[in-house]
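Listed below, chain by chain, are the residues.
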Amino acid sequence: MKNPIKIILLILFSSFFIFAGKPQTDISRMSLIPAGIYTPLYVDDTTDQNINVESFLIDKYPVTNKEFLKFVTENPKWRKSEVSKLFADDSYLIYWKNDTELGPDVNPGAPVTNISWFAAKAFANYYGKRLPSTAEWELAARADEKSANGYKNPEYVSKILAWYSEPTSASLPDVGSSNKNFYEVYDMLGLVWEWTSDFFNALVTGESRGNSGIDRNLFCGSGSVGATDFTNYPAFMRFAFRSSLKGNYTTSNLGFRCAKDIK
Amino acid sequence: MKKLILISAFIVITAASLIMILANGSNNKNTADNILQEKPKEETKSCCSSGEGEKTSGSFTANSIYQINSVWKNQFGNEINIGDLKGKTQVFAMIFANCTYACPIIANDMRRIEESLSSDELKQIQFTLVSIDPERDTPEKLKQFAKDQNLNFARWQLLTGDRSDIDDLAALLGFRYKKENDGSFSHSNIITILNKEGEIIHQQVGLNQDIANTLNIIKNHNKQGV
């Protein structure tokens, strides 16, 4: 039963590819992710916490320096000398030469980093898109090169872990240079970490090892939490990373890509 | 079998091509519309930013959270711009009305603060609750919540708004929340004190905390403001 569906999906995706040569609208650089179910890492074991994700479009590539430069040129309030510190901290676009020039050492085709959640959200809004939710992002990132769920493949998991354990290289390569997955989405893993629209739903306190639960005085909600998939270390790492983020926070290995509803 | 797949492939490609062409067309329009919508917003937002030093957006200070420029509805259904909160010290929290455990305690903690201040001090203070559950928290629902919690509308307001604006506020306050499948929310328990400019001057984290420190901060700020 599954094979014909796979074939049709493949054909659908290849038809996207055929039309990639047409004048570039945002959709030609986006991939369709079919509807799916995302199981959050930490769930209350007494209730069903699976998240139904409707099909959506996601950028094939992270947003590049060149693309973000165009955005700040057209939206002066997001230039690094203009932006409010509430929306982007001191290291916002710190490696750019100035407000409107990247400078000779910056690769225009590399993913833009040192970008805050507010800035990423403003960029997405400006182009009629939005940031992907964590569930959407994880669903798209779950695919390896050959299947929609790579986490069943130990090789894939160890490959991601190998990347997570490497320090970020000083200069980033062009987008599209790392992994291409089943959905023809590039660089979900292997280039930079990425913002999600609801990064703030990762709720942890200082003590989050094992099954300790979250402090009920600090966080209202489920009393006991347990992890759903202990083999999925990469997702744990992303969860921990997201739980440390703030909206104006920027760092050298954190970028973003956009998503869009299918209308 | 192979033939069948080939034929279906041909049909799918043709159909997909048509869909793509149509989608591209309507998508272009969408994007253009969105940019048109976004641009005036950008202009009004960036109109007043001054050059060097103390940057302001509109008439707000550089650290004022009111720069987010969002519109809400209060418990009476009246539109409230976030900037309207300027001018009073705000005792501020994010809640949802169907909350069975923490939110009534947060409201109670805020009421303890209210009860510990003199009527003179209270003239300069407003108590604001923002809903994180706009689907269910209509102005009427929030009004009922306020009545159940004995909140005095002379000093309290309860706001509901768009998800995107709620997310902006949450990100600014460091408030974390997550919708659960049963319709409830897991969320941080934070009471934030905003000064008259809308700058965060204090956050009390947790439920049933000692309010002495928070009270001192509010009182000191009130003295400076006069």
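Just so it is clear, the model here is predicted, and its values are computed rather than measured.

Calculation rules
- Residues numbered from 1 in each chain as written.
- Chains lettered and ligands numbered in written order.
- Predicted model: local features only at pLDDT ≥ 70, side-chain atom pairs only at ≥ 80, totals over all residues.
- Heavy atoms only, no water.
- Helix = DSSP H or I, 4+ residues; strand = E, 2+ residues; numbered from the N terminus.
- Buried < 20%, exposed > 50% of the residue type's maximum accessible area, 1.4 Å probe, protein only.
- Contact = heavy atoms within 4.5 Å.
- Areas by Shrake-Rupley, 256 points an atom, 1.4 Å probe, with all protein chains shown as cover.
- Salt bridge = Lys/Arg side-chain N within 4 Å of Asp/Glu carboxyl O.
- Phe/Tyr/Trp six-rings, centres within 6.5 Å; stacked < 30°, edge-to-face > 60°.
- Core = buried A, V, L, I, M, F, W, Y, C linked by side-chain atoms within 4.5 Å.
- Pairing = 2+ DSSP bridges.
- Right-handed = clockwise from strand over helix to strand, strands pointing away.
- Axes fitted to C-alpha atoms, helices over the stretch in contact; angles between N-to-C directions.
- Parallel < 35°, antiparallel > 145°, perpendicular 65-115°, else oblique.
- Nonpolar A, V, L, I, M, F, W, Y, C, P; charged D, E, K, R; others polar.

1. Brief notes about the overall build of chain A
Logical step 1: Across its full length, chain A carries six helices and 10 strands.
Logical step 2: The 263 residues of chain A split such that 53% are buried.
Logical step 3: Once local pairs closer than 6 in sequence are excluded, the contacts in chain A between residues at least 24 apart make up 72%.
Logical step 4: On chain A, roughly 11,800 Å² of surface is accessible, and the fraction owed to carbon and sulfur atoms is 56%.

2. Some words on the pattern of salt bridges
Residues and elements named next belong to chain A.
Logical step 1: Counted according to the given criterion, the structure contains 17 salt bridges over all chains.
Logical step 2: A salt bridge links Arg257 to Glu194; the nearest nitrogen and oxygen atoms lie 2.9 Å apart. With a gap of 63 residues between them, Arg257 in the loop between β9 (254-255) and β10 (259-261) and Glu194 in strand β6 (residues 193-194) connect regions that are remote in the sequence.
Logical step 3: The network of salt bridges with shared partners includes Arg130, Glu136 and Asp261.

3. Considering the packing of aromatic side chains
Logical step 1: Across all of its chains, the model carries 25 aromatic pairs over all chains by this definition.
Logical step 2: For the ring pair Tyr126(A) and Tyr127(A), a centre distance of 5.0 Å and an interplane angle of 80 degrees mean the geometry is edge-to-face.
Logical step 3: For Tyr126(A), a relative accessible area of 1% gives the class buried.
Logical step 4: Exposure remark for Tyr127(A): the relative accessible area of 17% places this residue in the buried category.
Logical step 5: Ring centres of Tyr177(B) and Phe185(B) lie 6.0 Å apart, and the angle between their planes is 55 degrees; this geometry places the pair in the tilted category.

4. Concerning the nonpolar core
Logical step 1: Phe68(A), Trp78(A), Tyr92(A), Phe256(A) and Met94(B) are the most contacted members of the largest nonpolar core, which totals 111 residues.
Logical step 2: Considering each element in turn, this core owes the most residues, eight residues, to helix α3 (residues 117-126) of chain A.
Logical step 3: The residues touching Phe256(A), leaving out its near neighbours within four places in the chain, are Pro62(A), Val63(A), Phe68(A), Val112(A), Ile115(A), Ala120(A), Phe123(A), Leu131(A), Glu194(A) and Trp195(A).
Logical step 4: Counting residues in hydrophobic clusters, the runner-up holds five residues, among them Ala110(A), Leu172(A), Val175(A) and Leu191(A).

5. Let's talk about the pairing of strand β8 (residues 190-194) of chain B
Residue and element names in this part refer to chain B.
Logical step 1: The buried fraction of β8 is high, at five of five residues.
Logical step 2: Residues Ile190, Thr192 and Leu194 of β8 are buried on one face, and the alternating residues Ile191 and Ile193, pointing to the opposite face, are buried as well.
Logical step 3: Bridge analysis of strand β3 (residues 89-95) against β8 gives three bridges, and the strand direction is antiparallel. Paired with Phe92 across the two strands is Thr192, which belongs to β8.
Logical step 4: Note that β8 and strand β9 (residues 200-205) share five bridges and pair antiparallel. Among the inter-strand pairings, Ile193 is bridged to a residue of β9, identified as His202.

6. A word on the pairing of strand β5 (residues 156-159) of chain B
Residues and elements named next belong to chain B.
Logical step 1: Taking every second residue as pointing to the same face, both faces of β5 are buried, with Trp156 and Leu158 on one and Gln157 and Leu159 on the other.
Logical step 2: Pairing between strand β4 (residues 125-131) and β5: four bridges, direction parallel. Pairing of Phe127 across the sheet is with Trp156, part of β5.
Logical step 3: Following the backbone out of β4, through helix α4 (residues 139-148) and into the adjacent parallel β5, one traces a crossover that is right-handed.

7. Quick word on the packing of helix α2 (residues 65-74) of chain A against α3(A)
All names here are of chain A.
Logical step 1: At a minimum axis distance of 11 Å, the contact between α2 and α3 shows a crossing angle of 80 degrees. When the axis of α2 is compared with that of α3, the two are roughly perpendicular. Residues Glu67, Phe68, Phe71 and Glu74 of α2 touch α3, and the partners they reach there are Ala119, Ala122, Phe123 and Tyr126.
Logical step 2: The residue makeup of the contact of α2 with α3, split by class, is six nonpolar, no polar and two charged.

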